[in-house]
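Coordinate analysis (summary)
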Amino acid sequence: MALMEVSNLKKSFGELEVLKQITFDIEKNDVVAVIGPSGSGKSTMLRSLIHLEEVNGGSIRVDGDFLVQDNTYAKPQDIKKITAKMGMVFQHFNLFPHLTVLRNLEIAPSLLKTESPDAISRRCQDILQKVGLSDKANSYPANLSGGQKQRVAIARALMMNPQILLFDEPTSALDPELTGEVLKVMKDLAEEHMTMIVVTHEMGFAREVANKVVFMDGGEIIEANNPEAFFTNPQNERTKAFLQKNIK
Amino acid sequence: MVDYWNTMILPMLEGAKMTVLLFIIAILISIPLGFLLTLAAKSRVKPLSWFAHTYIYVMRGTPLLLQLLVICFGLPMMPVIGEYLVLDRFTAACLGFILNYAAYFAEIFRGGLLAIDKGQYEAAQVLGLSKWQTTTRIIMPQMFRVALPALSNESVTLIKDTALLYAVAVPELLHFAQTAVNRDFTIVPYFIAAAIYLVMTLLLTVLFKWLERRFKFE
Ligand SMILES: Nc1ncnc2c1ncn2[C@@H]1O[C@H](COP(=O)(O)OP(=O)(O)OP(=O)(O)O)[C@@H](O)[C@H]1O
Ligand SMILES: [Mg+2]
C-alpha cells in the first residue's frame, strides 16, 4: 500500500473549479516535485492534503487511514491524528515572530507532550545542527535572513517527526543567492529518505533531487513521470510548452 | 509653608490617590473584558457577535459623561429595580469607566488581531496546536505587541478622563483643586493639579515604552 493515496480530488472556490479529479500515489521515500503554471491549483492541492483546505470530492488516504473518503471527512480527533503524520513548510516561512528559534522548534512538541522535555531539547540541538543554525538558537526570526528563516521552518516541521513533508514553493520568497542553502537542506533530507512533496519552480531541484515529477495545469495532473523521462521526453503538448518557457 | 502643604497639597494628593485607584481598577478589568468582547465580536455564534458589536458601537458612540450620569443617577431612578441599583458613587464610577473602556480596548484588540497574518494560524494548525493553544500562545502575544502603542494612548486618555469623576461628585484630584481655588482665591491649585496629572502620564508613558522594548522580539 502506498504511503499516500489521493483519488478523484475535487475542490472549488465558489464557481471556480480549482482541482478536477486529482489522482496520485506517494510511496514511502518518494520525493515528488509538483510543477505547473501559476493558478493551476498546486498550492490548493498541497493544502488539501494537510487539511488547510476542505475538498468537495474524492479521497485522501495517509498511511492506511482516510483523512477524507468519497468526500466524507474523518472525525475531528482522527483528522488531527492523520494530519500529524505530515509536516508543512510554507513559502513565507510563517515562523512565530514572538518566539526565539529554539522556542519555535520546541513549542509544538512541548505543548502536545509528544516527548519528554529532555528528549525535546536534545532533538532541538540535533535538528538545528542539521540545518546549520546551532548558533542562532536564541535569535528571533526578525534577525534572520530569508534562507535562515526557511531552514528554521524546516527544522520546526521536523520536530514533529512527520512521515511526509509538504513544501509549498519553499524558495520562491528568497533572494536567488539564498535558495541554495535551503535546497541543500532539502537534498540532505531526500538522502535520508524523507518522503517529500515539493511544489516548486526550481527545475534543477525537480530534475536532480526528485524521483517523480508531476505537472499540473488547470486543476488537473497533465503528466507525471520520473525526472529523466519527464524532462527529456515530455508527452503532452502543454508540458512541452511549459518546459520550453521555463527552461532555458 | 507647612500650612500650605496641609490645606492644599495633602488633600490634592488624597484626591490623586482616588484617581490612581480608579485608573488601576478600570484598566485591570477593562483590558481583559475588552479582549473577551473582541473574541465575542469575532465569534461564529451570531447573537454573541451581534451583542458585542452593538455594545461596542453604543459605548463608543455616546459620551462617557452621559454613561456615568446614567449609572450614578439614572439607574437608581428605574422603576421597581431602581432601589437595588443604588451603588456607592465610587463603585458606580468604576463600573462606568470599565464598561466604557472595555469597548475601546476591544476595538484596539480587534485591530491587533487583524494585523496577524493568517499564516500564523495555519502554521499552528499544521503543528497540531489546539484552538486554545493557538489563541493563547501564538495569537495573543502578537496581538498584544501590535496593540501596545494604542493601549498606551488609551491609558493616557483614561488618566485624564478620571477628571470626569468631578461631575459625579467623587472627591478626586480636580475636586480638591477646585475647592482650594474657591477657598483661597488663587489659581495655583490648578497648576499643581496639572503637574500631578503630568507626573502620572509620564510614569505611564515610561512604563509603556519599557513594555514596547520588552516585547520587541528582536
Ligand atoms: N481561498 C481562495 N478563495 C478563492 N479562490 C482561491 C483561493 N485560493 C486559491 N484560489 C484560486 O484558485 C486557483 C488556484 O490557486 P493555487 O494557489 O492553488 O494555484 P498555484 O498553482 O499554487 O499558483 P502559484 O504558482 O501562483 O502559487 C487560482 O485561480 C486562485 O486564484
Ligand atoms: Mg501556490
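Cut-off values and rules
For every chain, the first residue of its written sequence is number 1, and the numbers climb from 1 along that sequence. To label them, take the chains in the order written and letter them from A, then take the ligands in the order written and number them from 1. Predicted model: local features are reported for residues with pLDDT of at least 70 only, side-chain atom pairs are reported and counted for 80 or more only, and whole-chain, interface and lining totals are derived from all residues. Computation of side-chain values: all heavy atoms of the structure, hydrogens and water removed. Side-chain atoms within 4.5 Å are what join buried Ala, Val, Leu, Ile, Met, Phe, Trp, Tyr and Cys residues into a set we call a nonpolar core. Three labels apply to residues, based on accessible area from a 1.4 Å probe with only protein chains included: buried if under 20% of the type maximum, exposed if over 50%, partly exposed otherwise in between. Only heavy atoms matter for contacts: two residues are in contact if any of them lie within 4.5 Å across the pair. Only Phe, Tyr and Trp rings are paired, with Trp represented by its six-membered ring, and only when their centres lie within 6.5 Å; those with planes under 30 degrees apart are stacked, over 60 edge-to-face, the remainder tilted. Whether a charge sits over a ring comes down to the Lys NZ or Arg CZ being within 6 Å of the ring centre and within 35 degrees of the ring normal. UniProt positions are given in the numbering used here, feature names are shortened, and annotations may be inferred rather than shown by experiment. By the criteria applied, helices consist of DSSP H or I runs no shorter than four residues and strands consist of E runs no shorter than two, each listed in order from the N terminus. Near, as used in this document, describes a residue that has one of its heavy atoms within 4 Å of the molecule or strand being considered. We call two N or O atoms a polar contact when they sit within 3.5 Å, provided that within protein one can donate a hydrogen and the other can accept it, with sequence-adjacent residues counted only if both atoms are side-chain atoms. Areas reported as accessible are Shrake-Rupley estimates using a 1.4 Å probe. Residue values count occlusion only from the protein chains shown. For two strands to pair, DSSP has to find at least two bridges joining them. The axes are straight lines fitted to the C-alpha atoms, using for helices just the contacting stretch, and the angles between their N-to-C directions are given from 0 to 180°. Two parts placed together each lose some accessible area; with a 1.4 Å probe, that loss summed over both constitutes the buried area. We count a salt bridge whenever a side-chain nitrogen from Lys or Arg sits within 4 Å of a carboxyl oxygen from Asp or Glu.

Comments concerning the nonpolar core
Ranked by size, the top nonpolar core spans 92 residues in total, and within it Met4, Leu49, Leu166 and Ile197 of chain A together with Phe97 of chain B carry the most contacts. Those residues in contact with leucine 166 of chain A that sit more than four places away from it in its chain are Leu46, Leu49, Ile50, Met86, Gly87, Met88, Val89 and Ile197 of chain A. Counting residues in each nonpolar core, the second largest holds 49 residues, with Ala33, Leu133, Ile154 and Met186 of chain A among its members.

Quick notes on the packing of aromatic side chains
For the structure shown, the criterion picks out 10 aromatic pairs over all chains. With a centroid separation of 5.2 Å and an interplanar angle of 80°, the aromatic rings of phenylalanine 230 of chain A and phenylalanine 231 of chain A are classed as edge-to-face. Take phenylalanine 230 of chain A and phenylalanine 231 of chain A: they sit in the same class, and that class is buried. The rings of Tyr140 of chain A together with Phe144, Phe215 and Phe217 of chain B are connected pair by pair, giving a single aromatic cluster. A cation over a ring is seen here: arginine 156 of chain A above phenylalanine 96 of chain A, with NZ or CZ 4.5 Å from the ring centre.

Remarks on the UniProt feature "transmembrane region" (unreviewed entry) in chain B
Residue and element names in this part refer to chain B. Per the UniProt record, "transmembrane region" (unreviewed entry) is annotated on residues 20-40, 61-78, 90-109 and 187-208. Along residues 20-40 one finds 100% helix and 0% strand; the C-alpha atoms at either end are 30 Å apart. Between the first and last C-alpha atoms of residues 90-109 the distance is 28 Å; the span itself is 100% helix and 0% strand.

Some thoughts on the site of ligand 1
Residues and elements named next belong to chain A. Taken together, Phe13, Leu16, Val18, Pro37, Ser38, Gly39, Ser40, Gly41, Lys42, Ser43, Thr44 and Glu169 make up all the residues around ligand 1. Lysine 42 is positioned with one of its side-chain polar atoms (N or O) 2.8 Å from an oxygen atom of ligand 1. In this structure, an oxygen atom belonging to ligand 1 sits 2.7 Å away from a side-chain N or O atom of serine 43. Isolated, ligand 1 exposes 640 Å² of accessible area, and the fraction of that covered by the protein chains is 59%. Elements with a minimum of two residues in the shell around ligand 1: strand S2 (16-26) and helix H1 (42-49). Element by element, the count of residues in the shell around ligand 1 is highest for H1, at 3 residues.

Focus on the UniProt feature "domain: ABC transporter" (unreviewed entry) in chain A
As annotated by UniProt and renumbered to match this structure, "domain: ABC transporter" (unreviewed entry) occupies residues 4-243 of chain A. This span, residues 4-243 of chain A, is 38% helix and 27% strand, and a straight line between its end C-alpha atoms measures 27 Å.

A closer look at the sheet that holds strand S7 (residues 86-89) of chain A
All names here are of chain A. If you walk across this open sheet you meet the 6 strands as S7-S8-S9-S3-S10-S11, and the pairing is mixed. Because the sheet does not close on itself, it has two edges, and the strands there are S7 and strand S11 (220-225). The mean inter-strand angle of the sheet, taken between neighbouring strand axes irrespective of direction, is 20°. Strands in contact with H1 are strand S3 (31-35), S7, strand S8 (164-168), strand S9 (195-199) and strand S10 (212-217); relative to S8, the strand with the most contacts, it is inclined by about 150°.

Focus: the interface of chain A and chain B
How big an interface is tends to be stated in terms of the accessible area lost upon association of its parts. Opposite the 22 residues of chain A that make contact, chain B presents 19 residues. Taken together, the two surfaces of chain A and chain B that pack against each other cover about 1900 Å², and 64% of this comes from carbon and sulfur. Three residues, Phe96, His98 and Leu111 of chain A, lead the burial of chain A against chain B; their summed loss comes to 31% of the area buried on that side. Taken together, the links from chain A to chain B amount to 1 salt bridge. Between arginine 47 of chain A and glutamate 122 of chain B there is a salt bridge, with its nearest N and O atoms 2.7 Å apart. Going through the elements one at a time, S7 and helix H3 (101-112) of chain A are the ones with two or more residues in the side of chain A that touches chain B.

Overview of the pairing of strand S1 (residues 4-13) of chain A
All names here are of chain A. As paired strands, S1 and S2 are joined by 7 bridges and run antiparallel to one another. Across the sheet, residue methionine 4 finds its bridge partner in S2, namely isoleucine 26. Between S1 and S2, which pair antiparallel in sequence order, lie 2 residues; one of them, glycine 14, sits at a positive phi of approximately 60°. Two elements, S1 and strand S4 (residues 57-62), share 5 bridges in a ladder whose sense is antiparallel. Directly across from lysine 10, in S4, lies its bridge partner glycine 57.

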